[in-house]
Amino acid sequence: MTFDMDTERKRLERKLVILRTKEFLPAPLLDIISDTATLQLAARQAVSVPLPSLPTPPSAHLQGVPLLPREHFVFDAKQTALLFGKLLALSEASGGPIGTSAQAVRKALEDGIFSLSEACDAFIRDDTLFFADWAARLPEAPSTVRFLVQGSLTPSLEAVSEQLKTHHNDEEPWAFGHCPYCGSLPLISSLRGKEGFRHLTCSFCRTDYRAKRLQCAFCGEEDHDKLEYFKAEGERGFEVHVCRTCNCYLKTSDFRELDTVSIPALDDLESLALDILAREQGLSRPTLSAWGF
Ligand SMILES: [Zn+2]
Ligand SMILES: [Zn+2]
């Protein structure tokens, strides 16, 4: 499926209306996310990224090696910088703790303490210490730098992974606990089609890929006695899949019977109440939200 701007724009508008009905999402946060998702969509059309040569031979890929491990991903530096500037400006304008932190990031940028290219490299290499350091400097809104960097890189990362799709056979479920394209962990899953095939969405490159329905998406556990799920009242279309072996959970959307729209990064936000319930049960989520917090 290729990227179609008009279709995607209509889907996004519809999804944002649905999100506005969720009372637990504070309006200022939703405003930032809405503006960010809209800017990302425009950037997705503007980015130009060449596909790097693939380091993984097809035979190794069949054995579970990702096609292009995330540290090999490239990005459109100009479009990323433009989007970063826009996300920084809207964060500053939002006021509150995010606004104050965004102002501090701008000052650090002007003083040469913060480098966007260094931050992008850190995100691509999954350098958690880099972001932990910035989180410590911005205690009021510790996720600000990750949100800005991830948000501005995502359109490029999506454009790279879309070009990888022809190199992976998505007819067969992928059973290796990480993304077949970049090797990162899944963010959320969804059930699709009349057969209820399960698709996982990658937390890094945002591509979706078919996975086994009855398998832990992280540790690979397939013993049905260890795999459970629960739903919550008021959260129609979502379930939480739990693995008792690794104690991790993954949210799953099943919108097949509902008149709604699925955009995985926003499905993740829409189902925030389920993360709270899962954490109350002592379960872990191995990835951050699609928005860096
Ligand atoms: Zn991926
Ligand atoms: Zn597991």
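A quick note: this is a predicted structure, and the numbers were derived from the prediction, not measured.

A. The arrangement of the sheet that holds strand β6 (residues 249-253) in detail. Reading across the sheet, the six strands line up as β3-β2-β1-β6-β5-β4 and stay open at both edges, with mixed pairing between neighbours. The sheet is open, and its two edges are formed by β3 (208-211) and β4 (227-230), each paired on a single side. Between one strand axis and the next, the sheet turns by 30 degrees as a mean value, whatever way the strands run. Summarising the sheet, strand β5 (residues 238-243) and β6 pair through five bridges and their orientation is antiparallel. The partner of Phe238 across the bridge, within β6, is Ser253.

B. View of the pairing of strand β1 (residues 186-192). For β1, the tally of buried residues reaches five of seven residues, placing the bulk of the element in the interior. Note that β1 and strand β2 (residues 197-202) share six bridges and pair antiparallel. Residue pairing in the sheet places Ser190 in a bridge with His199 of β2. Here β1 folds back onto β2 in antiparallel fashion, the turn holding four residues, of which Gly193 has a positive phi close to 75 degrees. Of the pairings in the sheet, the one linking β1 to β6 comprises two bridges and is parallel in character. Across the sheet, residue Ser189 finds its bridge partner in β6, namely Thr252.

C. Spatial organisation of the nonpolar core. Core analysis: the largest hydrophobic core is formed by 63 residues, its most contacted members being Leu148, Tyr181, Cys182 and Cys205. Element by element, the count of residues in this core is highest for helix α8 (residues 144-164), at nine residues. Apart from residues no more than four positions distant in its own chain, Leu148 is found in contact with Phe84, Leu87, Leu88, Ser91 and Val105.

D. Structural view of the domain arrangement of the protein chain. Domains assigned within the protein chain are domain 1 (27-167) and domain 2 (186-280). Domain 1 puts eight residues into the contact, and the matching count from domain 2 is six residues. Elements with a minimum of two residues in the side of domain 1 that touches domain 2: α2 (27-46) and α8. In terms of residue count, the dominant contributor to the side of domain 1 that touches domain 2 is α8 (five residues). Of the residues assigned to the side of domain 1 that touches domain 2, the class counts are four nonpolar, two polar and two charged.

E. Up close: the environment of Asp223. With respect to the helices, strands and loops of the structure, Asp223 is situated in the loop between β3 and β4. On the basis of neighbour counts, which here come to 12 C-beta atoms within 10 Å, the residue Asp223 falls in the exposed class. Spatially, the C-alpha atoms of Asp223 and Phe130 are 38 Å apart, while their sequence positions differ by 93 residues.

F. Just the packing of helix α1 (residues 5-20) against α2, in detail. Between α1 and α2, the least distance of the axes is 11 Å, while the angle of their chain directions is 175 degrees. With respect to each other, α1 and α2 are oriented roughly antiparallel. Together, Met5, Glu8, Arg9, Leu12, Leu16, Leu19 and Arg20 of α1 and Leu30, Ser34, Ala37, Thr38, Leu41 and Gln45 of α2 make up the contact between the two elements. Taken together, the residues of the contact of α1 with α2 break down into seven nonpolar, three polar and three charged.

G. Spatial organisation of unusual backbone geometry. Non-glycine residue Asp126 carries a positive phi angle of around 60 degrees. Structurally, Asp126 is set in the loop between α6 (116-124) and α7 (128-137). By the C-beta count within 10 Å, which is 13 here, Asp126 ends up partly exposed. For Arg206, which is not glycine, the phi torsion reads 65 degrees and is therefore positive. Position of Arg206 relative to the elements: it lies in the loop between β2 and β3. Accessibility expressed as a C-beta count within 10 Å gives 22 for Arg206, which makes it buried.

Basis of the calculations
Residues numbered from 1 in each chain as written. Chains lettered and ligands numbered in written order. Predicted model: local features only at pLDDT ≥ 70, side-chain atom pairs only at ≥ 80, totals over all residues. Pairing = 2+ DSSP bridges. Helix = DSSP H or I, 4+ residues; strand = E, 2+ residues; numbered from the N terminus. Axes fitted to C-alpha atoms, helices over the stretch in contact; angles between N-to-C directions. Buried ≥ 20, exposed ≤ 12 C-beta atoms within 10 Å, placed from the backbone. Core = buried A, V, L, I, M, F, W, Y, C linked by C-beta atoms within 7 Å. Contact = placed C-beta atoms within 7 Å. Domains from an automatic or database assignment. Nonpolar A, V, L, I, M, F, W, Y, C, P; charged D, E, K, R; others polar. Parallel < 35°, antiparallel > 145°, perpendicular 65-115°, else oblique.

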